[in-house]
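# Coordinates in review
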Amino acid sequence: MSIPFWCIFISALLIFIAKAPVAKAMKQEGGQYDNHHPRAQQARLTGFGARALAAHQNSFEAFPLFAVGVLMAHVTQSSGWLVDWLAVIFVIARVLYLVFYWADLHWQRSLVWIVGMGCTLLLMLTPAMR
């Protein structure tokens, strides 16, 4: 499997890794995780829990664009070191994004979000760079 495809897999895992702090915050918020009404419980989260939920939701938002970018590069045979590096940098940016969101480091979070989005857009443009 290619490096960019591994990066898609890792990015998919990050969505579920980002859920763990949300579940912990939910348990702390109500004394237990409300599996009957999880979205209502999530809506009550504040502070760290609210940031963790937002980071988790943003992981869902970023994933499809990244996957499309990798697949666009793949189907047009735009492979090579640039595609590999863009995919790896995206994953690193997403890991840092989660950490910075959880730690409430807002400008750092925004910076790595821009880096990740830039990688995604460049992946989409790699067919035009051939």
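The structure displayed is predicted, hence computed values, not measured ones. (Residues numbered from 1 in each chain as written. Predicted model: local features only at pLDDT ≥ 70, side-chain atom pairs only at ≥ 80, totals over all residues. Heavy atoms only, no water.)

Turning our attention to the packing of helix α1 (residues 3-17) against helix α2 (residues 19-30). In a pair of packed helices, the angle between the axes and the distance between the axes together describe the arrangement. At a closest axis distance of 5 Å, the pairing of α1 and α2 adopts a crossing angle of 5°. Considering the angle they form, α1 stands roughly parallel to α2. Mapping the contact onto sequence places I15, F16 and I17 in α1 and K19, A20 and P21 in α2. Taken together, the residues that form the contact of α1 with α2 break down as five nonpolar, no polar and one charged. (Axes fitted to C-alpha atoms, helices over the stretch in contact; angles between N-to-C directions. Helix = DSSP H or I, 4+ residues; strand = E, 2+ residues; numbered from the N terminus. Parallel < 35°, antiparallel > 145°, perpendicular 65-115°, else oblique. Contact = heavy atoms within 4.5 Å. Nonpolar A, V, L, I, M, F, W, Y, C, P; charged D, E, K, R; others polar.)

Below, the discussion takes up the side chain of H56. By secondary structure assignment, the location of H56 is in helix α4 (residues 47-75). Residue classification places H56 among the buried positions, given a relative accessible area of 10%. Look past the residues within four positions of H56 in its chain and what remains in contact with it is I15, A18, K19 and V22. (Buried < 20%, exposed > 50% of the residue type's maximum accessible area, 1.4 Å probe, protein only.)

Here we take up the UniProt feature "transmembrane region" (unreviewed entry) in the chain. According to UniProt, the positions carrying the feature "transmembrane region" (unreviewed entry) are residues 85-103 and 110-129. Along residues 85-103 one finds 95% helix and 0% strand; the C-alpha atoms at either end are 27 Å apart. The span residues 110-129 shows a helical share of 80% and a strand share of 0%, and its end C-alpha atoms are spaced 27 Å apart. (UniProt positions renumbered as here; feature names shortened; annotations may be inferred.)

Taken together, W81, L82, W85, I89, W107, L111, V115, L122, L125 and M129 make up a surface patch of nonpolar side chains, about 1,000 Å² in accessible area. Listed by contribution, the elements that provide at least two residues to the nonpolar patch are α5 (81-102) and α6 (106-125). Per element, the largest residue contribution to the nonpolar patch is five residues, and it comes from α6. Within the element layout of this structure, L111 appears in helix α6. (Patch = residues over 30% accessible without salt bridge, like charges linked within 9 Å, V, L, I, M, F, W, Y side chains within 5 Å. Areas by Shrake-Rupley, 256 points an atom, 1.4 Å probe, with all protein chains shown as cover. Salt bridge = Lys/Arg side-chain N within 4 Å of Asp/Glu carboxyl O.)

Right, let's talk about the packing of α1 against α4 for a bit. Two elements in contact, α1 and α4, have axes separated by 9 Å at closest approach and are oriented at 170°. Taken together, the axes of α1 and α4 lie roughly antiparallel to each other. Regarding α1 and α4, the two cross each other, and that crossing is left-handed. Across from P4, F5, C7, I8, S11, A12, L14 and I15 in α1, the residues of α4 making contact are H56, S59, F60, F63, F66, A67, V70, L71 and H74. (Left-handed = near helix turned anticlockwise from the far one by under 90°.)

With that settled, the discussion passes to the packing of aromatic side chains. If you walk through the whole model with that rule in mind, you get three aromatic pairs. Their ring planes at 85° and their centres at 5.9 Å tell us that W6 and F9 sit as a pair that is edge-to-face. Highlighted residues: W6 and F9, both in helix α1, separated by three residues, approximately one helical turn. A relative accessible area of 41% places F9 in the partly exposed class. Ring geometry for Y97 against Y101: centres 5.5 Å apart, planes inclined by 90°, an arrangement best described as edge-to-face. Of this pair, Y97 and Y101 both sit in helix α5, four residues apart, which is roughly one turn of the helix. What makes Y101 buried here is its relative accessible area of 14%. We note R94 situated over the ring of Y97; from NZ or CZ to the ring centre the distance is 4.3 Å. Seen from the ring of Y101, R109 lies directly overhead, with NZ or CZ sitting 4.0 Å from the centre. (Phe/Tyr/Trp six-rings, centres within 6.5 Å; stacked < 30°, edge-to-face > 60°. Lys NZ or Arg CZ within 6 Å of the ring centre and 35° of its normal.)

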